[in-house]
Structures are given as C-alpha cells and as structure tokens.
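Structure assessment
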Amino acid sequence: MVIVFTGDGKGKTTASLGQMVRVTGRGKRALMIQFIKGSWEAGEHVFGGAYKIPEDTFHVRRMGKGFVGILGDKRPRAEHEQAAREALELFKMELTRKVWDLIVLDEVNVAVSLGLISAKAVLEAIKDFPEEKLLIMSGRGAPPEFIERADLATEMKELKHPFADGKMGKLGVEF
C-alpha cells in the first residue's frame, strides 16, 4: 500500500510517525528516511533510544542537509541534491533487504518539488514496492504522479498556525 501525506498544513511527518508507532505496536518494523531535515534534533530522533526500542524495529535516518535555501541555509545546492540522491539509494538498498514492513520517505515530495531529485526517479524506485508492505511519501507539494500512484492520499490543510503570528516552532510540536 502506498500512502501520500501532503498539503500546506502541519502534520505530515507527525502522521507518518503515528503510523510507524501503530505498525511497531503490532510487532512489525518501521523505517523513516528523511530527505530534507538535517542536523536539528527532533523528538523522533531521540524516541527510539529513550524508550530502548531496537533500531531494527523503529528507526529514523536523517539524510538531508537541512532546509534548502531557507532558515539560514548556506549550503551549495549540489550538496542538497547529492543528499537526496543518497536518500533514494538508501531506500532502494533497504528494499532489497526486505526487513521493513513500513518505510516512510519523509519530505520526499519537497525534495521533488525543489528539483533535488525527479518524480520519475522516485516512481522508478517504488515501482515494484511489495503489495503486502506499507510505503508513505510525505511532504508539501506532492506531484500529481505520486497522488495517482497512491492507494491512499491525504492533504493536510492549514487553517491556523502560530507561524502566522511570528511565533517560532515549539518543542514537541514542530520538532
């Protein structure tokens, strides 16, 4: 099953993490590969260790180099492109291992919308995704091809957010 979480509202990564908790609660294994998020430490990065969950059961891999072109990012674009390609290669490698029951490609939609990797490359990588497994592709701006390929697609719509009032992200909510 392929799931897409997209839209301009908050909750795409959070929903993906909730699905990971649900899957691991059923004795299965879940991996999240993050395409954009870089060195910022978020709750999902410390969760497994804090609760002594084995990495081969619940694992989050940060592959991105941070937010591309915003929030003070000064990295060359080529670094972000290379990180996105490496994240996609990691996904392909993990598919061959056949260990994970759920794989989340977190912010892959953003990586595509920014042109760091192509939708075609992602669709090629997922074309033979096992039907009995779960795949989530998250992030704003999901290309139409992803939504068409999905079995389930949800759009998060922002109705109200503290950012609009100039407030910064909150620990435990945004990260």
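My aim in this report is to walk through the structure given alongside it, one point at a time.

Basis of the calculations
- Residues numbered from 1 in each chain as written.
- Predicted model: local features only at pLDDT ≥ 70, side-chain atom pairs only at ≥ 80, totals over all residues.
- Heavy atoms only, no water.
- Salt bridge = Lys/Arg side-chain N within 4 Å of Asp/Glu carboxyl O.
- Helix = DSSP H or I, 4+ residues; strand = E, 2+ residues; numbered from the N terminus.
- Buried < 20%, exposed > 50% of the residue type's maximum accessible area, 1.4 Å probe, protein only.
- Expected span 1.5 Å × (residues − 1).
- Contact = heavy atoms within 4.5 Å.

Another point: the pattern of salt bridges. Applying the stated rule across the entire model yields nine salt bridges. The residue glutamate 89 makes a salt bridge to lysine 92 at a minimum N-O spacing of 2.9 Å. Of this pair, glutamate 89 and lysine 92 both sit in helix α3 (residues 77-97), separated by three residues, roughly a single helical turn. When its relative accessible area of 44% is taken as the criterion, glutamate 89 is described as partly exposed. Residue class for lysine 92 comes out partly exposed when judged on its relative accessible area of 33%. Residues glutamate 124 and lysine 127 are paired through a salt bridge, measuring 3.1 Å at the closest nitrogen-oxygen approach. Classification of lysine 127 as partly exposed rests on a relative accessible area of 46%.

Under the 1.5 Å per step criterion, the end-to-end length of α3 is 31 Å for 21 residues, consistent within 8% with the ideal 30 Å. Next to the buried residues of α3 lie β2 (30-34), β3 (58-62), β4 (102-106), α5 (119-126) and β5 (134-138). Among the residues trailing α3, lysine 98 stands out with phi positive, at a value near 55 degrees.

Let's shift gears to unusual backbone geometry. At lysine 52, a position not held by glycine, the phi torsion is positive, near 55 degrees. Among the structural elements, lysine 52 can be located in the loop between α2 (43-50) and β3. Residue lysine 52 is classed as exposed on the basis of its relative accessible area of 72%. A positive phi is found at glutamate 107, a non-glycine position, where the angle reads about 65 degrees.

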